[in-house]
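The residues making up each chain are set out below.
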Amino acid sequence: NAGVMQNPRHLVRRRGQEARLRCSPMKGHSHVYWYRQLPEEGLKFMVYLQKENIIDESGMPKERFSAEFPKEGPSILRIQQVVRGDSAAYFCASSPVARPPQYFGPGTRLTVT
Amino acid sequence: ELKVEQNPLFLSMQEGKNYTIYCNYSTTSDRLYWYRQDPGKSLESLFVLLSNGAVKQEGRLMASLDTKARLSTLHITAAVHDLSATYFCAVFGNEKLTFGTGTRLTIIP
């Protein structure tokens, strides 16, 4: 059983561009969580999705950020008009039920130049 | 809002020594998790603590949970270089994990 997959692993964007981060949960997992880790800091919760539904987006900035988890395909975290402060590692985690354990992907490291 | 605090933030210790990392949290929870993160890598699950008084051990690491004190500890016995990493505790509440600030552990030969 493959683990949580994220791509790309590294992403470089110029200020003002869009960033799309993808997360494929483990097989049989319908709950997906996105976390952001700024350099030298801990992980901060961004959004919790279940297939086709956003359950909790309390940790996601109101502007420029959006997330989806369609019926088919991976979960997408989209950042529009990126700024330097968006540079971070973005981790996706999945679980089969609405409680841990959550299994983490390898992360996408976004650099905004 | 759930707050999770770890201390110390940085820890340098010599090989062979013992030390403890502390994790305090602000609201009632009976689910606490410890993770390890190596530089540039993802999180590796170490321990899951699900009840008051729970104790788990794996090799030189031992974790415990006191839900009444809202405190978990990660004890390192006879440290070895391979244990150098950043360690996070995380508490589950309101359908999400809230992570501590992390403890960066460096083991010095």
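Here we summarise the structure given alongside this text. Keep in mind that this is a model prediction, so the values were computed, not measured.

## So, the interface of chain B and chain A
In step 1: Each partner contributes residues to the interface: chain B has 18 residues there, and chain A has 21 residues.
In step 2: When chain B packs against chain A, the two sides together hide about 1,600 Å² of surface, and 53% of this comes from carbon and sulfur.
In step 3: Counting the surface chain B buries against chain A, the share from its top three residues, Glu 95, Lys 96 and Phe 99 of chain B, is 29%.
In step 4: Taken together, chain B and chain A are joined by 1 salt bridge.
In step 5: Counting across the chain B and chain A interface gives 5 residue pairs in polar contact (both at pLDDT 80 or more).
In step 6: Contributing elements (two or more residues each) for the side of chain B that touches chain A: strand E4 (32-37), strand E9 (85-93) and strand E10 (96-99) of chain B.
In step 7: The residue makeup of the side of chain B that touches chain A, split by class, is 7 nonpolar, 6 polar and 5 charged.

## Examining the packing of aromatic side chains
In step 1: Under the defined criterion, the tally for this structure stands at 8 aromatic pairs over all chains.
In step 2: By the ring-pair criterion, three or more aromatic residues cluster together here, those being Tyr 35, Phe 45 and Phe 104 of chain A together with Tyr 35, Phe 88 and Phe 99 of chain B.

## With respect to unusual backbone geometry
In step 1: Looking along the chain, the bond that leaves Asn 7 of chain A and enters Pro 8 of chain A is cis, with omega of -5°.
In step 2: Structurally, Pro 8 of chain A can be placed in the loop between strand E1 (5-7) and strand E2 (10-13).
In step 3: Of note, the bond from Asn 7 of chain B into Pro 8 of chain B is cis; its omega dihedral lies within 30 degrees of zero at 0°.
In step 4: Position of Pro 8 of chain B relative to the elements: it lies in the loop between strand E1 (4-7) and strand E2 (10-14).
In step 5: The backbone of Glu 52 of chain A shows a phi angle near 70°, a positive value even though the residue is not glycine.
In step 6: Within the fold, Glu 52 of chain A resides in the loop between strand E5 (43-50) and strand E6 (53-56).
In step 7: Exposure remark for Glu 52 of chain A: the relative accessible area of 55% places this residue in the exposed category.

## Focus on the state of the cysteines
In step 1: Inspection of the entire model under this criterion finds 2 disulfides over all chains.
In step 2: Disulfide partner of Cys 23 of chain A: Cys 92 of chain A, at an S-S distance of 1.7 Å. Residues Cys 23 of chain A and Cys 92 of chain A are joined through a disulfide that is left-handed, its torsion about the S-S bond being -45°. In this pair, Cys 23 of chain A is assigned in strand E3 (residues 19-24) and Cys 92 of chain A in strand E9 (residues 88-95), connecting sequence segments 69 residues apart.
In step 3: The buried category is assigned to Cys 23 of chain A, whose relative accessible area is 0%.
In step 4: Each disulfide pairs two cysteine sulfurs, and for Cys 23 of chain B the partner residue is Cys 89 of chain B, the sulfurs being separated by 2.1 Å.

## Some words on the sheet that holds E3 of chain A
Residue and element names in this part refer to chain A.
In step 1: Spatial ordering of the open sheet is given by E1-E3-E8-E7, a layout of 4 strands whose pairing is antiparallel. Two strands bound the open sheet, and with one partner strand each, they are E1 and strand E7 (65-68). On average, each strand axis in the sheet is inclined to that of its neighbour by 15°, with strand direction left out of account.
In step 2: As judged from the 3 bridges shared by E1 and E3, these two strands associate in the antiparallel manner. Note that in E3 the partner of Gln 6 across the bridge is Cys 23.

Reading the values: the criteria
Residues numbered from 1 in each chain as written. Chains lettered and ligands numbered in written order. Predicted model: local features only at pLDDT ≥ 70, side-chain atom pairs only at ≥ 80, totals over all residues. Heavy atoms only, no water. Contact = heavy atoms within 4.5 Å. Buried area = accessible area lost by both parts, 1.4 Å probe. Salt bridge = Lys/Arg side-chain N within 4 Å of Asp/Glu carboxyl O. Polar contact = N/O pair within 3.5 Å; in protein donor to acceptor, adjacent residues only side chain to side chain. Helix = DSSP H or I, 4+ residues; strand = E, 2+ residues; numbered from the N terminus. Nonpolar A, V, L, I, M, F, W, Y, C, P; charged D, E, K, R; others polar. Phe/Tyr/Trp six-rings, centres within 6.5 Å; stacked < 30°, edge-to-face > 60°. Buried < 20%, exposed > 50% of the residue type's maximum accessible area, 1.4 Å probe, protein only. Disulfide = S-S within 2.5 Å. Pairing = 2+ DSSP bridges. Axes fitted to C-alpha atoms, helices over the stretch in contact; angles between N-to-C directions.

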